[in-house]
Amino acid sequence: MTDDPSPRAAWPILSWVPGYQRSWLPLDIVAGLTVCAILVPEGMAYAELAGMPPETAFYAAPVALIAYAVLGSSRQLVVAVSSAIAIMSAATISELTVAGSAEYAALTAALAILAGLVSIAAGALKLGRIAQFFSESVLLGFVFGLALLISVKQVPKLLGIEAHGDSALQLVREIIPHVRETDLLTLAVGLAGIVALVLLERWLPRIPAALVVLLGSIGVSVALGLEARGVHVVGDLPAGLGRASLPGVGLEALPLLLVGAVGIALVAFAEAIGPANEFARAHGGKIDPNRELIAIGAANTGAGLYSGFPIGSSLSKSAANDRAGARTPASLITAAGATALVALFLTPLFEPLPEATLGAIVIVAVVGMMKVGKLRRLWELRRIDFWLAMIALVGVLVIPTLQALGLAVVASLAVLVWRASEGRLTFLGRASGGLEPVDLRSEPQAAIPGLVVVRPDEMLFFANVASVRDGILAAAESTEPRPTVILVDLSLSPDVDAPVVEALEDLNGRLAGEGMELWLAHLQPEAKDLFDRAGTLDALGASRVYPRVVDGILAFALRMPGARDRVAVLTDLLAYIRARAEEPGTSAAGVETLNALEQRLAAELGAVQGTGGPAPPD
């Protein structure tokens, strides 16, 4: 990806505001109000999930929405509150202090700012390509485990009991002794909320089910006086928006905060880049991963400065935004304005809201993150990917979230290195009547007597080069008739390290001791430079290094000692070259090269046949 210094690249909002069409405005307004309708109840629930008061969702969401609208490259993605990020925030801060304290709120805000700065730095350093290295299997298991953990954390709200624990297992051990203390009215409210949400989403998918259930629950709470009957409610919610300020935290907390911030930045980016690319494919847009890092970072930094909690993208709200017809990020600006109005004037409305309803909203929201079908497909397609997902899933349930993510990433990298170190080889040959190499597994009759052509299936590096060397030596020993030349195709190794140079020098020495020559093809500039400096190419000789495999095959054909075999090979090559020269679309330079090659081969053929002249015409 090339850098674009234009203002549009630095400020993506300039890519859509100048060309904004009046006909888009009603669609963007409706989409923005739809997002707000989902955001208000989910935001309050996710704030509690992060261990923060419900009103902090109103502090974090508006600034995050506006920041992403200005800096984000997706026109449909919604960056506001995220259940996965909220639980990661709680997992980090709960190791430092107790939820509900002023210190907890300050540390949470600081975590959001740090996560934002980490993300912005990664975007400025052009590290957006890290999206290519996220193992989807690990993320699938990680998010599935988070969804289970989040659901377990809502059980005390549904039962009307007190229970705490850092992991799912600890929480379950806390819940079981208190089950007999369940408040049946609270349980009825929570179960009714879950049933209503499921039925509304199934039968009336266009209606914001969470908002309907939230308002209905408030109405029932007021009408029946649920608080007086022992049902826990949200209670007092301060009206207004947060003021921008830096949270006061001690330096001793920074190491753990920084670890958590890096994890949150990575997961927030991983959550966002997939849906953003999907929306871009559907609507013909283009996503810049580096801009996404900066936009998500700015959203998190803004949320922290306004005393909020870490945020991320939301697939459910993004999908609702898209279904409602959003054409531009103006829908996010609308949602930010509507959310701010709710925070300023409507917070008293939510005071009678039962906590069990918030728990129900969270559970139904995260159930969609439990991709059982995808896990089953991993089991069917590739078991190692399934087990990587399970390591992440189980890890989230039994150890702290960030440690579980680290464990899963380490396991994923270990599998990657193991796969790369296997040293798989593909052996090539030349089909009759052609020059292009073919895989001997599909055309075993294409083997070239006396020549072994081999291509390592991965880039050569320190972990796999010994295995590749040993595989080549074994092939040289087992091939009949005994080869005189081993041609190694290095097309998949754009660069090499010192162990690769040493291993190939060792291979050359061992082959020479057996009366065989080592030839190289597709030696790319960076690798060639290292081989040059090591003196490897001088030891091999320039005549043994070829730009392409086909050049090496041709050179070997021209030195075949048997006249009969040589005539057969040269006749095949002449037929192939003449056919290529007559193909439509062959450039004049290409025809000239082929004609020169034809004259050379014809002369060789004439010499072999004893005519001293060109081959007879077909």
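Residues numbered from 1 in each chain as written. Predicted model: local features only at pLDDT ≥ 70, side-chain atom pairs only at ≥ 80, totals over all residues. Heavy atoms only, no water.

Quick word on the overall build of the protein chain
Here comes step 1: Regarding its fold elements, the protein chain presents 24 helices and six strands.
Here comes step 2: The burial tally for the protein chain puts 50% of its 618 residues in the buried class.
Here comes step 3: Pairs at least 24 residues apart make up 80% of the contacts formed inside the protein chain by residues separated by at least 6 positions.
Here comes step 4: Here the protein chain has roughly 28,600 Å² of accessible surface; of this, 62% comes from carbon and sulfur atoms. (Helix = DSSP H or I, 4+ residues; strand = E, 2+ residues; numbered from the N terminus. Buried < 20%, exposed > 50% of the residue type's maximum accessible area, 1.4 Å probe, protein only. Contact = heavy atoms within 4.5 Å. Areas by Shrake-Rupley, 256 points an atom, 1.4 Å probe, with all protein chains shown as cover.)

As for the nonpolar core
Here comes step 1: Met-44, Leu-65, Phe-142, Leu-197, Leu-257, Ile-311 and Phe-350 are the most contacted members of the largest nonpolar core, which has 110 residues in total.
Here comes step 2: Not counting chain neighbours up to four residues away, the residues in contact with Phe-350 comprise Val-40, Met-44, Leu-214, Ile-218, Val-234, Leu-237 and Val-342. (Core = buried A, V, L, I, M, F, W, Y, C linked by side-chain atoms within 4.5 Å.)

What to know about the packing of helix α6 (residues 136-159) against helix α16 (residues 383-398)
Here comes step 1: One can describe the packing of α6 onto α16 by two numbers: an axis separation of 7 Å at closest approach and a directional angle of 30°. By the angle between their directions, the pair α6 and α16 is classed as roughly parallel. When you trace α6 past α16, the crossing you get is right-handed. For the pair formed by α6 and α16, the contact residues are Ser-137, Val-138, Gly-141, Phe-142, Phe-144, Gly-145, Leu-146, Leu-148 and Leu-149 on the first element and Asp-385, Leu-388, Ala-389, Ala-392, Leu-393, Val-396 and Leu-397 on the second. (Axes fitted to C-alpha atoms, helices over the stretch in contact; angles between N-to-C directions. Parallel < 35°, antiparallel > 145°, perpendicular 65-115°, else oblique. Left-handed = near helix turned anticlockwise from the far one by under 90°.)

A few points about the environment of Glu-355
Here comes step 1: With respect to the element layout, Glu-355 can be found in helix α14 (residues 355-367).
Here comes step 2: Since its relative accessible area comes to 16%, Glu-355 is described here as buried.
Here comes step 3: Glu-355 sits 124 residues away from Val-231 along the chain, and the two C-alpha atoms are 7.9 Å apart.
Here comes step 4: Excluding anything up to four places from it in sequence, Glu-355 contacts Glu-48, Lys-157, His-232, Val-233 and Val-234.

Details of the environment of Leu-397
Here comes step 1: Assignment of secondary structure puts Leu-397 in helix α16.
Here comes step 2: Distance in space between the C-alpha atoms of Leu-397 and Gly-145 is 6.3 Å, their sequence separation being 252 residues.
Here comes step 3: If we skip the residues at most four places from it in the chain, Leu-397 touches Gly-145, Leu-148, Leu-149, Ser-167, Ala-168 and Leu-169.

Some remarks on the environment of Phe-462
Here comes step 1: Residue placement: Phe-462 occurs in the loop between β3 (451-456) and α18 (465-478).
Here comes step 2: Residue Phe-462 is classed as exposed on the basis of its relative accessible area of 57%.
Here comes step 3: Expressed as a C-alpha distance, the spacing of Phe-462 and Pro-499, which sit 37 residues apart in the sequence, is 5.4 Å.
Here comes step 4: Beyond its immediate stretch of four places on either side in the chain, Phe-462 contacts Asp-497 and Pro-499.

A few points about the pairing of strand β4 (residues 485-489)
Here comes step 1: By the criterion of burial, β4 is predominantly enclosed, with five of the five residues buried.
Here comes step 2: Burial of β4 is two-sided: the residues Val-485, Leu-487 and Asp-489 facing one way and the residues Ile-486 and Val-488 facing the other way are all buried.
Here comes step 3: As judged from the four bridges shared by β3 and β4, these two strands associate in the parallel manner. Along β4, the bridge assignment pairs Val-454 with Val-488.
Here comes step 4: Regarding topology, helix α19 (residues 498-513) serves as the crossover connection from β4 to the parallel strand β5 (residues 517-521), and that connection is right-handed. (Pairing = 2+ DSSP bridges. Right-handed = clockwise from strand over helix to strand, strands pointing away.)

With respect to the packing of aromatic side chains
Here comes step 1: Tallied over the full model, the rule gives eight aromatic pairs.
Here comes step 2: Aromatic side chains Trp-379 and Phe-386 sit 5.0 Å apart centroid to centroid with 75° between the ring planes, which places their arrangement in the edge-to-face category.
Here comes step 3: Residue class for Trp-379 comes out partly exposed when judged on its relative accessible area of 34%.
Here comes step 4: Using a relative accessible area of 13% as the deciding quantity, one classes Phe-386 as buried.
Here comes step 5: Relative to Trp-387, the ring of Trp-379 lies with its centre 6.0 Å away and its plane at 75°, an arrangement referred to as edge-to-face.
Here comes step 6: For the cation-ring pair, Arg-383 lies above Trp-379, with the distance from its terminal atom to the ring centre recorded as 3.6 Å. (Phe/Tyr/Trp six-rings, centres within 6.5 Å; stacked < 30°, edge-to-face > 60°. Lys NZ or Arg CZ within 6 Å of the ring centre and 35° of its normal.)

Quick notes on the sheet that holds strand β6 (residues 545-546)
Here comes step 1: The six strands are arranged β2-β1-β3-β4-β5-β6 in an open sheet whose pairing can be described as mixed. Every interior strand has two partners, whereas the edge strands, β2 (437-439) and β6, have only one.

Considerations on the pairing of β5
Here comes step 1: Extensive coverage of β5 is indicated by the burial of four of its five residues.
Here comes step 2: As paired strands, β5 and β6 are joined by two bridges and run parallel to one another. Directly across from Leu-520, in β6, lies its bridge partner Val-545.

Examining the packing of helix α4 (residues 83-93) against helix α5 (residues 102-124)
Here comes step 1: Between α4 and α5, the least distance of the axes is 10 Å, while the angle of their chain directions is 125°. Our classification of the angle between α4 and α5 gives oblique. Of the two possible hands of crossing, α4 and α5 adopt the one that is right-handed. Each of Ser-89, Ala-90, Thr-92 and Ile-93 in α4 lies in contact with α5, whose residues at this interface are Tyr-104, Leu-107, Thr-108 and Leu-111.
Here comes step 2: Looking at the contact of α4 with α5, its residues break down into five nonpolar, three polar and no charged. (Nonpolar A, V, L, I, M, F, W, Y, C, P; charged D, E, K, R; others polar.)

Quick look at α6
Here comes step 1: Given a rise of 1.5 Å per residue, 24 residues ought to cover 34 Å, and the 35 Å separating the end C-alpha atoms of α6 matches this to within 8%.
Here comes step 2: Among the 24 residues in α6, 17 count as buried, and that is most of the element.
Here comes step 3: Immediately downstream of α6, the backbone of Gly-160 shows phi near 75°, a positive value. (Expected span 1.5 Å × (residues − 1).)

Some words on helix α13 (residues 330-345)
Here comes step 1: In a regular helix each residue adds 1.5 Å, so 16 residues correspond to 22 Å; α13 covers 23 Å between its end C-alpha atoms and thus fits that length.
Here comes step 2: Among the residues of α13, Ala-330, Ser-331, Leu-332, Ala-335, Ala-336, Ala-338, Thr-339, Ala-340, Val-342 and Ala-343 are the ones counted as buried.
Here comes step 3: Of the surrounding elements, those touching the buried residues of α13 are α2 (24-49), α3 (56-71) and α12 (315-323).

Overview of a nonpolar patch on the surface
Here comes step 1: On the surface, a cluster of nonpolar side chains totalling about 640 Å² of accessible area is made up of Leu-215, Leu-241, Leu-341, Leu-344, Phe-345, Leu-346 and Leu-349.
Here comes step 2: Broken down by element, the residue count for the nonpolar patch peaks at three residues, all from α13.
Here comes step 3: As for its placement among the helices and strands, Leu-241 is situated in the loop between α9 (209-224) and α10 (254-283). (Patch = residues over 30% accessible without salt bridge, like charges linked within 9 Å, V, L, I, M, F, W, Y side chains within 5 Å. Salt bridge = Lys/Arg side-chain N within 4 Å of Asp/Glu carboxyl O.)

Points about the confidence of the model for the protein chain
Here comes step 1: Overall, the prediction assigns the protein chain a mean pLDDT of 85, with 88% of residues at 70 or greater.
Here comes step 2: Low pLDDT (under 50) marks residues 611-618, which in the prediction has twelve contacts with non-local residues, meaning those over four places away or in another chain. (pLDDT = per-residue confidence, 0-100.)

Describing the pattern of salt bridges
Here comes step 1: Tallied over the full model, the rule gives 13 salt bridges.
Here comes step 2: When the shortest N-O distance is used, the salt bridge between Arg-441 and Asp-439 registers 2.7 Å.
Here comes step 3: With a closest N to O distance of 3.0 Å, Arg-482 and Glu-514 form a salt bridge. Taken together, the residues span a long stretch of sequence, with Arg-482 in the loop between α18 and β4 and Glu-514 in the loop between α19 and β5 at a distance of 32 residues.

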